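Below are the chains, spelled out letter by letter.
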Amino acid sequence: DELHDALAAEFQHDPLRYAPYTDARRVCLVLARWDKAVFYNKGLELREAMGGPKTVVLPSGHYSAVLYVPYIQGAAVRFFREQLGGEE
């Protein structure tokens with residue numbers, strides 16, 4: 001417990017801290033509308049702080065998003081093709 005507390009005090013990880021250093025053109029963000037592990041409004045806050053990257057919003061929760069893996073994969077492939085200049 002002491003080690004955990006010491007490490008938690010030393011290593012803070014908040015994606016909002018790094019958002020200003022992120023090139024939004026190179027990010028495809030996936031948010032789940034009813035996510036209770038990573039709240040949707042926090043995802044939107046991160047999106048705004050990153051400068052509005054391409055965003056996919058799923059009609060699911062955090063864990064039920066697994067049902068959308070094929071859709072997410074397709075969206076990721078389209079995103080990378082756009083980034084790399086490939087064909088659709």
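Just so we're clear, the structure is a prediction, and the values are computed from it rather than from any experiment. Starting afresh in each chain, residues are numbered from 1 along the sequence in its written order. Selection of residues for local features in this predicted model requires a pLDDT of at least 70, selection of side-chain atom pairs for listing and counting requires 80 or more, and totals for whole chains, interfaces and linings are taken over all residues. Derived side-chain values reflect all non-hydrogen atoms in the structure, with water molecules and hydrogen atoms excluded from consideration.

Peer 1: A description of the nonpolar core should follow, citing residues and the corresponding values.
Peer 2: Across soluble globular proteins, nonpolar side chains show a tendency to be buried alongside one another. Formed by Ala19, Val27, Leu29, Leu31, Tyr40, Leu46 and Met50, the largest nonpolar core amounts to 7 residues. Of all the elements in the fold, those that place two or more residues in this core are strand S1 (28–32) and helix H3 (40–50). Any two residues whose heavy atoms approach within 4.5 Å are treated as being in contact. Ignoring sequence-local partners within four residues, the contact set of leucine 46 consists of Pro15, Leu16, Ala19 and Leu29. We call a set of buried residues a nonpolar core when its members are Ala, Val, Leu, Ile, Met, Phe, Trp, Tyr or Cys and they connect through side-chain atoms within 4.5 Å of each other. Residue exposure (1.4 Å probe, protein chains only): buried if accessible area is under 20% of the type maximum, exposed if over 50%, otherwise partly exposed. A run of DSSP states H or I qualifies as a helix once it reaches four residues; a run of E qualifies as a strand once it reaches two. Both are numbered from the N-terminal end.

Peer 1: Lay out the packing of aromatic side chains in plain terms, naming residues and giving numbers.
Peer 2: Geometry of aromatic contacts follows a simple scheme: Phe, Tyr and Trp rings, the Trp one being its six-membered ring, pair when their centres are within 6.5 Å, and the pair is stacked under 30 degrees between planes, edge-to-face over 60, tilted otherwise. Here the structure, examined in full by the defined rule, presents 1 aromatic pair. Considering the side-chain rings of phenylalanine 79 and phenylalanine 80, the 5.8 Å spacing of their centres and the 65 degrees angle between planes classify their relative orientation as edge-to-face. When its relative accessible area of 49% is taken as the criterion, phenylalanine 80 is described as partly exposed.

Peer 1: How would you summarise a nonpolar patch on the surface if you had to cite specific residues and measurements?
Peer 2: Each patch is built from salt-bridge-free residues with over 30% relative accessible area, joining like charges within 9 Å and nonpolar side chains (Val, Leu, Ile, Met, Phe, Trp, Tyr) within 5 Å. To be clear on the numbers: accessible area is Shrake-Rupley with a 1.4 Å probe, and residue cover counts the displayed protein chains and nothing else. We define a salt bridge as a contact between a side-chain nitrogen of Lys or Arg and a carboxyl oxygen of Asp or Glu at a distance within 4 Å. On the surface, Leu3, Leu7 and Phe11 cluster together into a nonpolar patch covering about 350 Å² of accessible area. With respect to the secondary-structure elements, leucine 3 resides in helix H1 (residues 2–10).

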